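A closer look at the structure
Chain by chain, the residues run as shown.
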Amino acid sequence: MAERGRGWARAVRGLLLDVNGVLYDSGAGGGVPIAGSVEAVRRIKASGLKLQLCTNETQATRESFARKLRALGFDIAVSQVTAPAPAACHLLRERSLRPHLLVHHDLVPEFAEVDKTNPNCVVLGDAAENFTYANLNEAFRLLIGMEKPVLISLGKGRYYKETDGLKLDVGAYMKALEYACDIQAEVVGKPSKRFFESALAELGVPPEQAIMIGDDIVNDVGGAQQCGMRALQVRTGKYRKTLCESSRKGRTDWL
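Residues numbered from 1 in each chain as written. Predicted model: local features only at pLDDT ≥ 70, side-chain atom pairs only at ≥ 80, totals over all residues. Heavy atoms only, no water.

Further remarks concern the overall build of the chain. Each helix and strand in the chain was counted, giving eight helices and 13 strands. With 255 residues in all, the chain has 51% of them scored as buried. Once local pairs closer than 6 in sequence are excluded, the contacts in the chain between residues at least 24 apart make up 66%. With the model as given, the accessible surface of the chain reaches about 12400 Å², and the carbon-plus-sulfur share is 51%. (Helix = DSSP H or I, 4+ residues; strand = E, 2+ residues; numbered from the N terminus. Buried < 20%, exposed > 50% of the residue type's maximum accessible area, 1.4 Å probe, protein only. Contact = heavy atoms within 4.5 Å. Areas by Shrake-Rupley, 256 points an atom, 1.4 Å probe, with all protein chains shown as cover.)

Right, dumping it as structure tokens:
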């Protein structure tokens, strides 16, 4: 492990872990754990360190996501998962926003208690097969017709890894709508500082005593560092050496 600086002198009380590409690779049949990851989570919990999953997962509700992780062998409770959809629901209620949802069909139940009549904003998640031209164009038409268009994106990742290879992530579609409508999306999820702060609050540890572990140099590493945390990047998942070397938005503390 290559360390930049002498940060280990500071006490570490808790860890934030990314999930896809760090603990498992998603895909058909629920995905597969990355070698050693189940044992790593067990050892972290046994050590007394606090643990919180900080994920941009938007293809499932928190409950079903935690259930899937337990089926893969991870000892994880729903309360240990910080995900964008609940944060987005809070924001929508706080600002009296009524969303048009372009999200994965398995995520829709997260928004069951949110008023969706006569939409005055668009919420974009990792919709996977729902990212059709017709659905994207409907979102575009709604946004372009608003006096003050509001686009809320549940993350801004470029791509992620599944068992059969790399897949385009929500950020690619977010950028298309931003360009078409000449607007800037509000990101709820990594690398948003507010999202990391909520994960730290659920972890119960100040940023200087926490480490973020992820596979994304921008959204995991860069996002955590802007909150005063240290970050470790793994060489699994979407990790690409060339992207790490060329990134201007994050430089890992450890690799």
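What follows continues from the structure just given.
The full count for this structure, using the stated rule, is one aromatic pair. Judged by centre distance (3.7 Å) and plane angle (15 degrees), the rings of Phe 131 and Tyr 173 are stacked. Placement of the pair is Phe 131 in the loop between strand E7 (121-124) and helix H4 (133-144) and Tyr 173 in helix H5 (residues 170-181), with a sequence separation of 42 residues. An identical accessibility class is assigned to Phe 131 and Tyr 173; each is buried. (Phe/Tyr/Trp six-rings, centres within 6.5 Å; stacked < 30°, edge-to-face > 60°.)

Ordered by their spatial adjacency, four strands build an open sheet running E6-E7-E8-E11, and the pairing between neighbours is parallel. Among the strands making up the open sheet, the edge pair consists of strand E6 (99-102) and strand E11 (186-187). Both E6 and E7 contribute to a ladder of four bridges, which runs parallel. Among the inter-strand pairings, His 100 is bridged to a residue of E7, identified as Val 122. Relative to strand E8 (residues 151-153), H5 is tilted by about 165 degrees, and along the sheet it contacts E7, E8 and E11. (Pairing = 2+ DSSP bridges. Axes fitted to C-alpha atoms, helices over the stretch in contact; angles between N-to-C directions.)

This next bit is on the pairing of strand E9 (residues 159-162). As paired elements, E9 and strand E10 (residues 165-168) share four bridges and run antiparallel to each other. Bridged to Tyr 159 within E10 is Leu 168. Here E9 hands over to E10 after two residues, the two strands then running antiparallel side by side.

Along its twelve residues, H4 runs 16 Å from first to last C-alpha, staying within 8% of the 16 Å computed at 1.5 Å per residue. Every buried residue of H4 is listed here: Leu 136, Asn 137, Ala 139 and Leu 143. Relative to the axis of H4, the buried residues are bounded by an arc of 160 degrees and lie together on one face. Those residues of H4 that are exposed and angled more than 90 degrees off the buried face are Ala 134 and Arg 141. Tucked into the core, H4 has its buried residues touching E6, E7, E8 and H5. (Expected span 1.5 Å × (residues − 1). Arc of directions from axis to C-beta.)

So, on to helix H2 (residues 62-71). Here H2 has its buried residues at Phe 65, Ala 66 and Leu 69. Within H2, the buried residues cover an arc of 95 degrees as seen down the axis, which keeps them to one side. Facing away from the buried surface of H2 by more than 90 degrees, the exposed residues are Arg 67 and Ala 71. Looking at the residues trailing H2, positive phi occurs at Gly 73, about 110 degrees.

Tracing the sequence through the fold places Pro 99 in strand E6. By relative accessible area, which is 2% here, Pro 99 ends up buried. For the pair Pro 99 and Asn 120, spaced 21 residues apart in the sequence, the C-alpha separation amounts to 6.2 Å. Each residue touching Pro 99, except ones within four places of it in the same chain, is listed here: Leu 92, Val 114, Asp 115, Lys 116, Pro 119, Cys 121 and Val 123.

A few words on the state of the cysteines. Note on terminology: disulfide describes a covalent bond linking the sulfur atoms of two cysteines. Under the criterion given, the structure shown has zero disulfides. Left unpaired, Cys 227 is separated from the closest cysteine sulfur, that of Cys 54, by 9.0 Å. (Disulfide = S-S within 2.5 Å.)

The predicted model of the chain averages 91 in pLDDT, with 90% of residues at 70 or higher. Note that residues 1-6 has pLDDT below 50 and, in this model, 14 contacts with residues that lie over four places away or in other chains. (pLDDT = per-residue confidence, 0-100.)

This paragraph deals with unusual backbone geometry. Cis geometry is adopted by the peptide bond preceding Pro 191, which originates at Lys 190 and carries an omega value of 10 degrees. Within the secondary structure, Pro 191 is located in the loop between E11 and helix H6 (193-203). For Asn 118, which is not a glycine, the phi torsion comes out positive at approximately 45 degrees. As for its placement among the helices and strands, Asn 118 is situated in the loop between E6 and E7. One non-glycine residue, Asp 182, adopts positive backbone phi at about 55 degrees. You can see Asp 182 is positioned in the loop between H5 and E11.

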